[in-house]
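Listed below, chain by chain, are the residues.
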Amino acid sequence: MEEVVQKLEERIIDLLSRMDDGDEKALEELKSLKRAVNNLNEFMSFVDDDDTMDTVKKKMDLLEKKFDEFLMDLNKVVG
């Protein structure tokens, strides 16, 4: 996980630098990265104390879909 955070930090710094240089595409890439991070946040915090096996399964199915979206967004950002 530490490596992922480091790569995200590097990518954000790169995007901000490109934005400072006037690269209009960098803002769109930053927005895509934000969506990917939001999806990851949802992925990491899905189980509640009162969940049952059925509710966890339903959540896992939804998270699988969200994780696929995260990977697609991340792929768009990092290329």
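Above: the structure in question.
So, here's what we can say about the structure. Every chain's residues receive numbers from 1 upward, in the order its sequence appears when written. For this predicted model, a pLDDT threshold of at least 70 governs which residues receive local features, and a threshold of 80 or more governs which side-chain atom pairs are given and counted, while totals over whole chains, interfaces and linings are taken from all residues. For side-chain calculations, the full set of non-hydrogen atoms in the structure is used, while hydrogens and water are omitted.

### Focus: the nonpolar core
- Judged by nonpolar contacts, Leu-8, Leu-15, Ala-26, Leu-33 and Val-77 together constitute the single largest core of five residues.
- Under the DSSP-based scheme used, a helix requires at least four consecutive residues in state H or I and a strand at least two consecutive residues in state E, with every element numbered from the N terminus. Of all the secondary-structure elements, those providing two or more residues to this core are helix H1 (2-20) and helix H2 (24-44).
- Note on contacts: a residue pair is in contact if any heavy atoms of the two residues lie within 4.5 Å. In contact with Leu-8, not counting residues within four places along its chain, are Leu-33, Val-37 and Leu-74. Here, the term nonpolar core denotes a set of buried Ala, Val, Leu, Ile, Met, Phe, Trp, Tyr and Cys residues that are joined through side-chain atoms within 4.5 Å. Exposure is judged per residue with a 1.4 Å probe applied to protein chains only, and the accessible area is read against the type maximum: over 50% gives exposed, under 20% gives buried, and values in between give partly exposed.

### Here we look at H1
- How far a helix is expected to stretch is found by multiplying one less than its residue total by 1.5 Å. The terminal C-alpha atoms of H1 lie 27 Å apart, and with 19 residues this matches the ideal 27 Å at 1.5 Å per residue to within 8%.
- Of the residues flanking the end of H1, it is Gly-22, one or two places downstream, whose phi is positive at about 90 degrees.

### A few points about the pattern of salt bridges
- Any Lys or Arg side-chain nitrogen found within 4 Å of a carboxyl oxygen on Asp or Glu counts as a salt bridge. For the structure on display, the rule yields nine salt bridges.
- The closest approach of N and O atoms between Lys-59 and Asp-48, which form a salt bridge, is 3.1 Å. Within this pair, whereas Lys-59 is found in helix H3 (residues 53-78), its partner Asp-48 is found in the loop between H2 and H3, the two being separated by 11 residues in sequence.
- A relative accessible area of 24% means that Lys-59 is categorised as partly exposed.

### Observations concerning H3
- Helix length check: H3 (26 residues) gives 36 Å between terminal C-alpha atoms against 38 Å at 1.5 Å per residue, within 8%.
- Turning to H3, its buried residues number three or more, namely Leu-63, Phe-70, Asp-73 and Val-77.

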